[in-house]
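Architecture at a glance
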Amino acid sequence: MDELILELKNEIIETLNLEDMQPEDIDTDAPLFGEGLGLDSIDALELIVLMEKNYGIKLRDASKGKEIFKSVRVMADYIEKNRTK
Amino acid sequence: MTRNSFYIKSTAQISIQQPLCEDWMENPIWYDSNYVRSLEPDYKQYIPPMEARRMTRIMKRSLTTSNVAIKKSGLVLPDAIITGTGWGCMDNTEQFLEILCNEGEQLLKPTLFIQSTHNTISSHIAINTCNNGYNITYSHRCVSFDMALFDAYLQYKFGKIDSALVGSHDEVTPTSFVLLKKMGLVGCDDEICGEASVSTVLSSTPSDAHSAVAAIRIIYKPSVSEIHSTVNQLLADAEMCTEDISAVMVGISGNKTTDNLYYDIVDNCFRDKTILHYKHVFGECFSASAFGFYAADCCLKHGYIPDFLYVDKSQGMIGTPKTILLINHSDGKTFSFILLRSV
Amino acid sequence: MGKPIFITGAGIVSAIGLNKQEVLSSLLAGKSGIADVRYLDTEHREFPVGEVKLTNEQMIQMLDIKPDAVTTRTSLMGMLAMKEALDDANLTREDIHRAAFVSGTTVGGMDKTEHYYLDFINNDKKNKYIVVHDCGTCSEMICDYFGDFAFVTSVSTACSSAANAIIRGAAMIRAGLFDIAVVGGSECLTKFHLNGFNSLKILDTELCRPFDETRSGLNLGEGAAYLVLESYDSMRRRNVKPLSVLAGYGNVCDAYHQTASSPEGEGPYLAMKEALEDAGLNVSDIDYINAHGTATPNNDLTESMALKRLFSDRIPPVSSTKAFTGHTTSATGSIEAVICILAIRNQFLPVNLNWKNQMENGITPVTDLHPDKPVTNVLCNSFGFGGNDSSLLLCSSEIYDKE
């Protein structure tokens, strides 16, 4: 799980061009959107692409993303349970 | 009050010359290659990193030149934001196309799409500067800048606006360069290709302004006699005569086919005028005519014309230029005439 | 307040018809043009679309163009729509030579670029479609078919492009620069923007349901529409009758976000307000509003908010006609302007197809095409990504008919 969390943090940094950030700068349990990392709806859509591309998880409904992208830990949990690759 | 003069409060450029300054007038950078990318300033000074992270080069450049021009002008909220771009956000467009063509229609990235449209630039500036005013983007090949300035000038002249941020921006990615070259638009003969980001703030108030737009005329597919009458109308608009023009600045670039069209107009209408050029300094691209405007404004503002802008120095040099006429054309179809005067 | 501009010609090509008469019949019959993908070469068969029911070859034949000429689907649809508009207005080649052409598009020649892109790059020989990728060439291809215009320009503000082209043409007539301006927009479906909208997760796999509580996205469409705008003097001189009047317009920027509208609908509110002021009309004068109404959760909610702010509890009949035509992106402003002209001239209200469930905080759209009072003054909204929001105010020309 810790490995997946680190992998995910690196992928988030790369996908969302968080150039000046290191994985340790992202709090595993902090909210990704709004007050935490300060990501927005376009980032959420990029994360949907990331989930499909890297883990084979298809999210048709963008609003479902809101629950899954609560924090890196929640995301990792969801990926672990639903991944197809 | 007649509203013929739209005063140029500020300009800012990022190009293949030194960014955000007028150093090129004294120390221009010359290139051997005919493909050069723009020299970027340190954007961290201008755009917070969290905001910059999604922006492509053209977005950073256009936002930075806009913000610098706004700041220099002292006008926080211009009445209008009017933008020209020939090819728009090509970097994102190309990346999206590459995924589409190589990987198929399954995993396309939303950011690439959102930031691929031509109006990305103009709306992005409005979002960043919280400007709810008139906002429009013209995308018409080599007269995109001219079209944007024309709209601003006309709205000012007829009292719809008192100020405007006008800009023109194009990026030439390595792939774009290959395509533009195949189209014969850049990189022919001695031509150098360059990227463009020029922003200017214009206002109804002359304070602190050194120059003004005095008239603009644009015409599609004119005959020789229509070019004559357009020039006469332009001068009448500005209440001037041919003798009042200090110099004519044309968009010759080293591409013989398109250059000859400028020489034809000069031979027909401005035989004894001093001819200036700028594309050998700033390069050619769809937004290059904005550099003509920028360079002419710099000359009027500083009261001299650098040697290297003369096409033929033996024609005689000008002391302090008062009025510069800009002539630009797009594929020999649309011809634009912009008259700038010092104030 | 600005001078009124006269509309002396209108042409349209869309999923619900290839001219005004066919479009009118579909609107009156409540017949949508949205169906399974038939013409666009895409893997995404799951999204219904509003296609123009013609192949490129058929259009080339209708226009009597050489089969090997370089054309794009956007330019072909544009020529067809413009032909109807010019015929309406009875413009001669001499009239055209004095006129301006302002056209809106965003995809331009993207249908060819996405098909030949790899060949563009890899083939040393120049692919003939390279030169038609951009918006400007698209406009020139459309207008050059009819003669030599005096002025040609291209507006690209995403989904409000055609509306802003109309505004730009009208402004030049008001300024006395031209007597006649042919204005509008054209946009064909492409894989590029179908996949783009899909990446934003705002395409519905069902028929779109604007202003419905269950709405879950838009259906894309394609088409073209052009108007002939004319000054009063020119119209009198040429002895032609107006179809309608463009009384005012508003162009603003929401200045909020690249894709989402501000929660209070600031841009839509300001655009409509400006159009009313420009025409010198009050909110109570408006008899119908053709909403942008894309059927995305965000647009329909924020547009409703803006309507409530401007009209408070006296909102005139509102409908979105996107469930008829699909969202025709850059062409939507002129396509819906033609729909408004048809509504004014034939005294009906275009219904909001597929509406069943009242949405929370939303407006209640028109479902009965019979108006309670004459349809005289109409607002037509077009909003684009980045907050490029515009509104047109179209009026009946009846008062001028009597002269």
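These lines cover the structure that appears in this document, whether it is placed above or below. (Residues numbered from 1 in each chain as written. Chains lettered and ligands numbered in written order. Predicted model: local features only at pLDDT ≥ 70, side-chain atom pairs only at ≥ 80, totals over all residues. Heavy atoms only, no water.)

Structural notes on the overall build of chain A
If you tally the helices and strands in chain A, you get four helices and zero strands. Here the C-alpha radius of gyration of chain A, 12 Å, is about what a compact globule of 85 residues would show, namely 12 Å. Burial statistics for chain A: of 85 residues in total, 44% are counted as buried. Look at the contacts in chain A between residues 6 or more apart in sequence, and 57% of them connect residues 24 or more apart. Just so you have it, chain A exposes about 4600 Å², and 46% of that area is on carbon and sulfur atoms. Between the averaged position of the 11 positive side-chain charges in chain A and that of its 20 negative side-chain charges there is a distance of 10 Å. (Helix = DSSP H or I, 4+ residues; strand = E, 2+ residues; numbered from the N terminus. Rg over C-alpha atoms; globule rule 2.2 N^0.38 Å. Buried < 20%, exposed > 50% of the residue type's maximum accessible area, 1.4 Å probe, protein only. Contact = heavy atoms within 4.5 Å. Areas by Shrake-Rupley, 256 points an atom, 1.4 Å probe, with all protein chains shown as cover. Lys, Arg positive; Asp, Glu negative; His and termini not counted. Charge placed at Lys NZ, Arg CZ, Asp CG, Glu CD.)

A look at the interface of chain B and chain C
Contacts between the two partners involve 61 residues from chain B, matched on the other side by 69 residues from chain C. Summing both sides of the interface, chain B and chain C together bury roughly 5400 Å²; the carbon and sulfur share of this comes to 60%. Among the residues chain B hides against chain C, the three largest losses belong to Glu 105, Lys 182 and Tyr 220 of chain B. Together they make up 14% of the total. Joining chain B to chain C, the criterion identifies six salt bridges. Across the salt bridge formed by Lys 221 of chain B and Asp 144 of chain C, the nearest N and O atoms sit 3.4 Å from each other. One can count 32 residue pairs in polar contact (both at pLDDT 80 or more) joining chain B with chain C. (Buried area = accessible area lost by both parts, 1.4 Å probe. Salt bridge = Lys/Arg side-chain N within 4 Å of Asp/Glu carboxyl O. Polar contact = N/O pair within 3.5 Å; in protein donor to acceptor, adjacent residues only side chain to side chain.)

Quick notes on the pattern of salt bridges
Residue and element names in this part refer to chain C. Tallying each qualifying case throughout the model produces 36 salt bridges over all chains. A salt bridge links Glu 222 to Arg 73; the shortest N-O distance between them is 2.8 Å. Residue Glu 222 is located in the loop between α8 (191-199) and β5 (223-230), and its partner Arg 73 is located in helix α3 (residues 73-89); the two are separated by 149 residues in the primary sequence. Comparing Glu 222 with Arg 73 shows no difference in burial state: the two are buried. Residue Asp 287 pairs with Lys 373 through a salt bridge whose shortest N-O separation is 3.0 Å. Taken as a pair, Asp 287 in the loop between α10 (266-279) and β7 (288-290) and Lys 373 in the loop between α13 (332-346) and β9 (377-384) lie far apart in primary sequence, 86 residues in all. In this structure, a network of salt bridges that share partners links the residues Asp 95, Arg 98, Asp 179, Glu 230, Arg 237 and Arg 238.

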